[in-house]
Amino acid sequence: MRRRFFMQTGAAMLAAGFSARAAEARKPNFVFFLVDDLGTGDVGCFGSKFHETPNIDALCAQGMKFTQAYSACTVCSPSRAAILTGCAPARLHLTDWIAGHKRPAAKLSVPDWQMYIDHDRTTLPTALKAGGYGSLFVGKWHLMPDPHPELYAEHTPEKHGFGGNIGGREWGHPQGPGKYFYPWDMPNLDGKEGDFLTDRLTDKAEEYLDRTTEPFLLYMSYYAVHEPVMCKPKDRVYFQKKLAASPPGTYTQTNPKYAGLVKSVDDSVGRIVEHLRAKGELDNTVFIFTGDNGGLPPTSSGGLRGTKGTSFEGGTREPTFVVWPGFVKPGSECDVPVIGMDFYPTMLQMAGLPLLPDVHRDGLSLVPLLKQSGTLARDTLYWHYPHYHKTNPYGAIRSKDWKLIEFFEDGQLMLFDLKKDPSEQNDLAKQHPEKAQELLAKLQAWRKAVDAQMPTPNPNYDPQKDAGKNGKKKKGKGKPAVSEADG
């Protein structure tokens, strides 16, 4: 009954709440929804038919949908640091999930990379605080220098600008005794037997909304939908019945538990939107929805190649939208490529605060796109992943519609025309060697400019000892296998 109610009334409820507001209204609140390991095609407004996300879909309909939005990295810790600093992971030297895979016998040695955000960097909540904002971090943090517990206290969300922390610790996924079910062993998060993690995090977010009296940043950094794939029993049963009632082949997604885990995020989004509507804050709140990297099966990459941990579009393309009442046209879409670092300057400009180009050095404000008043002074995006995961260490560049991938083990290049071939099925490096070399030179110059750390030849390389380790290559470049759940 509750599911049917939200599906039938979600869009109407949101449309009624989003009345136009005058430009001179007080500073907007911000709710940032960051979903862990969400595949591009995992929510309804980005193509899912089996998953049911009426609240996310209704919220998306009130804003601008970005059809070519990217995370800053193919795994989580770097992409999360990039959002909070406005800097590329390569510039931060924080380039892998913390603490990363260990490959002592691999062909390359990974660089001596950094497992935390430097304290001399002005993070997004710190910059907003200077403008009169309060903030609360809720959920997954995964930016502590694991395995160095003696340093944890210096790298909590509070130590990096947030006014409070609910649930954030060194973990990349729920590891407490009950995982997604209580007990979960997370800071400032109580509960009782049977409680589900996403629900309880939302309870705490609502408590914050009830007590705050200042403009705020509510940073909802969900542990969902990262493994382990778990959901509430009633949701699993619902999706089992939905699947059983449909002819074989009806849905490309067929995992009832994962559908239930996605639903937990949708329920949370609906609760927060409704809570703000009841408080009269809906038309003064900006909502940003995105993911930290691509997902692992049973997620959907929406037809794109690759998953989390790979060099392909499925590893970094994110379902993303922004709702800014009174400024963003409901139901609008944008196909300009954007990336995680862009949210920092965007939110500063929305709040009427000065931009900090020497701080958010790799991000651009999306306000011209959101207002449909201009475009971005940028046509190129970069990625740097000098580590082993589901891929060999690589760098990548997207310049207009061209994308080049460089694999560091052997220098292999892959070139794709994303406009004609968004699923990256046709490698054009041999057909267009001049374009490949042009983009390679541009990628190399960027790495030098940001002081990117590179892997080096490993004197202990032993292909026999390395066989079977995480990230071991299968036949074909850039498509190794890994089974461990991580960041």
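Here, the structure is the one placed above.
Summarised in this report is the structure supplied together with it.

1. Points about the sheet that holds strand 14 (residues 413-417)
Turning to step 1, where the next piece is worked out: Spatially, four strands are ordered 11-12-13-14 in an open sheet, and the strand pairing comes out antiparallel. The two strands at the open ends of the sheet, each matched to only one other strand, are strand 11 (380-385) and strand 14. Between one strand axis and the next, the sheet turns by 10 degrees as a mean value, whatever way the strands run.
Turning to step 2, where the next piece is worked out: Of the pairings in the sheet, the one linking strand 13 (residues 402-407) to strand 14 comprises five bridges and is antiparallel in character.

2. Points about the side chain of His275
Turning to step 1, where the next piece is worked out: With respect to the helices and strands, the residue His275 is situated in helix 8 (residues 256-278).
Turning to step 2, where the next piece is worked out: When its relative accessible area of 18% is taken as the criterion, His275 is described as buried.
Turning to step 3, where the next piece is worked out: Polar contacts involving the side chain of His275 include one to the side chain of Asp210, which spans 2.7 Å.
Turning to step 4, where the next piece is worked out: Beyond its immediate chain neighbours, meaning those up to four positions away, His275 contacts Glu206, Leu209 and Asp210.

3. Notes on the pattern of salt bridges
Turning to step 1, where the next piece is worked out: Throughout the structure, instances matching the rule amount to 29 salt bridges.
Turning to step 2, where the next piece is worked out: For Lys232, the salt bridge identified is with Asp199, shortest N-O distance 2.8 Å. With Lys232 in the loop between strand 6 (216-221) and helix 7 (233-244) and Asp199 in helix 6 (residues 197-211), this pair connects stretches of sequence that are 33 residues apart.
Turning to step 3, where the next piece is worked out: Where salt bridges share partners, they join Asp190, Arg200, Asp203, Lys204, Glu206, Glu207 and Arg271 into one cluster.

4. Here we look at the pairing of strand 6
Turning to step 1, where the next piece is worked out: Counting buried positions along strand 6 gives six out of six residues, so the element sits mostly inside the fold.
Turning to step 2, where the next piece is worked out: On strand 6, burial covers both faces: Phe216, Leu218 and Met220 on one face and Leu217, Tyr219 and Ser221 on the other are all buried.
Turning to step 3, where the next piece is worked out: Relative to strand 6, strand 1 (residues 29-35) is paired through five bridges, and the arrangement is parallel. Paired with Val31 across the two strands is Leu218, which belongs to strand 6.
Turning to step 4, where the next piece is worked out: Relative to strand 6, strand 4 (residues 134-139) is paired through six bridges, and the arrangement is parallel.

So, how was this worked out
Residues numbered from 1 in each chain as written. Predicted model: local features only at pLDDT ≥ 70, side-chain atom pairs only at ≥ 80, totals over all residues. Heavy atoms only, no water. Pairing = 2+ DSSP bridges. Helix = DSSP H or I, 4+ residues; strand = E, 2+ residues; numbered from the N terminus. Axes fitted to C-alpha atoms, helices over the stretch in contact; angles between N-to-C directions. Buried < 20%, exposed > 50% of the residue type's maximum accessible area, 1.4 Å probe, protein only. Polar contact = N/O pair within 3.5 Å; in protein donor to acceptor, adjacent residues only side chain to side chain. Contact = heavy atoms within 4.5 Å. Salt bridge = Lys/Arg side-chain N within 4 Å of Asp/Glu carboxyl O.

Any functional reading would require information beyond the geometric quantities listed.
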